[in-house]
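Coordinate analysis (summary)
Residues per chain, in single letters:
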Amino acid sequence: MNKPSSATSKAQDQTRDPGCPAEPDGEPDDASLVSRSREGDLTAFDALVTRYRRRIYSIIHQMVRNEADAWDLSQDAFIKAWNALSRFEERSSFYTWLYRIAHNVTYDWLRRNRIRPEAEFDDSLQTTADPAAATVPSAPQGPDESLAQSETGQRIREAIAQLSPAHRETILLKEVEGCQYKEIAERMDCSIGTVMSRLFYARKKLQSLLGDLYGQS
């Protein structure tokens, strides 16, 4: 069966919030699209790609910090998902399963290229990752306050970049994506205890790097 190249070519399309298994407006849910895709329906798989393309790209981009590589790895993840659909046992959601594939593709690439990832918090990436999220404008800020927040954000980004890849990804899933421990464990294919341990040591490291922001001297 041919690879779904057409499914991964619309890189600029908007996507829906991927956290909802049932879709509004009478559109098919993930389970229906997966079932049709297994029967060779490329249109159904294209719908899955369109639904999750931006979210997967955003997560990968936070790890590799390069647009071209992030798009290539995203496409690779979807192609691998297509080829592995027959082995998807539906013990987790399709997105969780897809996330694991994207995770493995990214870490394999990082190891092959001997690259230390430089993931960081970035408001534009958060918006890209969840285009359906409502945006509430805040009250106008004075220049001093804006500058202080900008400098604080930069310090946080620099501190996050110093974490190990596993600790960095766990922090991003918990603090940026708002995932629960069980969901993080499923996505990273590890135990809940491992997730808790990674978060503990990641936060401890951040606290040592950003002591004054935690109220320390």
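Scoring rules and cut-offs
Residues numbered from 1 in each chain as written. Predicted model: local features only at pLDDT ≥ 70, side-chain atom pairs only at ≥ 80, totals over all residues. Heavy atoms only, no water. Helix = DSSP H or I, 4+ residues; strand = E, 2+ residues; numbered from the N terminus. Buried < 20%, exposed > 50% of the residue type's maximum accessible area, 1.4 Å probe, protein only. Contact = heavy atoms within 4.5 Å. Areas by Shrake-Rupley, 256 points an atom, 1.4 Å probe, with all protein chains shown as cover. Expected span 1.5 Å × (residues − 1). Core = buried A, V, L, I, M, F, W, Y, C linked by side-chain atoms within 4.5 Å. 1 Å grid on protein atoms, 1.4 Å probe; cavity = no way out; pocket = protein on both sides within 12 Å on 5 of 7 lines; lining within 4 Å. Points joined across faces, edges and corners; volume = space filled by probe spheres on them. Nonpolar A, V, L, I, M, F, W, Y, C, P; charged D, E, K, R; others polar. Polar contact = N/O pair within 3.5 Å; in protein donor to acceptor, adjacent residues only side chain to side chain. Salt bridge = Lys/Arg side-chain N within 4 Å of Asp/Glu carboxyl O.

Focus: the overall build of the protein chain
Broken down by element type, the protein chain carries 9 helices and 0 strands. Order of helices (α) and strands (β) in the protein chain, N terminus to C terminus: α-α-α-α-α-α-α-α-α. The 217 residues of the protein chain split such that 39% are buried. Partitioning the intrachain contacts of the protein chain with sequence separation of at least 6 by distance along the chain shows that 69% fall at a separation of at least 24. Roughly 12100 Å² of accessible area belongs to the protein chain as shown, and the carbon and sulfur atoms make up 48% of that amount.

Quick notes on helix α4 (residues 94-112)
Each turn of an α-helix holds 3.6 residues, which means side chains three or four residues apart point in the same direction. In this model α4 runs 27 Å from its N-terminal to its C-terminal C-alpha over 19 residues, within 8% of the 27 Å that 1.5 Å per residue would give. The buried fraction of α4 amounts to 14 of the 19 residues, a majority that puts the element mostly inside the structure. Just downstream of α4, Arg114 is the residue with a positive phi angle, here 50 degrees.

Details of the nonpolar core
Judged by nonpolar contacts, the single largest core of 49 residues is most densely connected at Phe45, Val64, Phe94 and Trp97. Put simply, the parts of the chain that give this core at least two residues each are α1 (30-38), α2 (42-64), α3 (67-84), α4, α6 (143-161), α7 (165-176), α8 (181-188) and α9 (192-209). Aside from chain neighbours lying at most four places away, what touches Val64 is Asp69, Ala70, Leu73, Thr106, Trp109 and Leu110.

A word on empty space enclosed by the protein
Under the definition given, this model contains 2 cavities of 30 Å³ or more. A volume near 60 Å³ is recorded for the largest cavity. If you go around the largest cavity, the residues you meet are Ile56, Ile59, Ile60, Met63, Tyr99, Ala102, His103, Thr106, Tyr107 and Glu169. Elements with a minimum of two residues in the lining of the largest cavity: α2 and α4. Counting residues per element, the lining of the largest cavity draws most heavily on α4, which supplies 5 residues. Broken down by class, the residue content of the lining of the largest cavity amounts to 7 nonpolar, 2 polar and 1 charged. Its volume calculated, the second largest cavity comes out at about 60 Å³. Every residue along the wall of the second largest cavity is listed here: Ile59, Gln62, Met63, Tyr99, Glu169, Leu172, Leu173 and Glu177.

Re the side chain of Arg168
Summarising the element assignment, Arg168 is placed in helix α7. One polar contact links the side chain of Arg168 to the main-chain carbonyl oxygen of Ile160, over a distance of 3.1 Å.

Section: the pattern of salt bridges
Applying the stated criterion across every chain yields a total of 9 salt bridges. A salt bridge links Asp108 to Arg111, with the nearest nitrogen and oxygen atoms 2.5 Å apart. Of this pair, Asp108 and Arg111 both sit in helix α4, 3 residues apart, which is roughly one turn of that helix. Asp108 gets classed as partly exposed once you look at its relative accessible area, which sits at 33%. Of the charged contacts, one joins Arg203 and Glu175 as a salt bridge, the two residues approaching to 2.6 Å between their closest N and O atoms. Of this pair, Arg203 sits in helix α9 while Glu175 sits in helix α7, placing them 28 residues apart in sequence.

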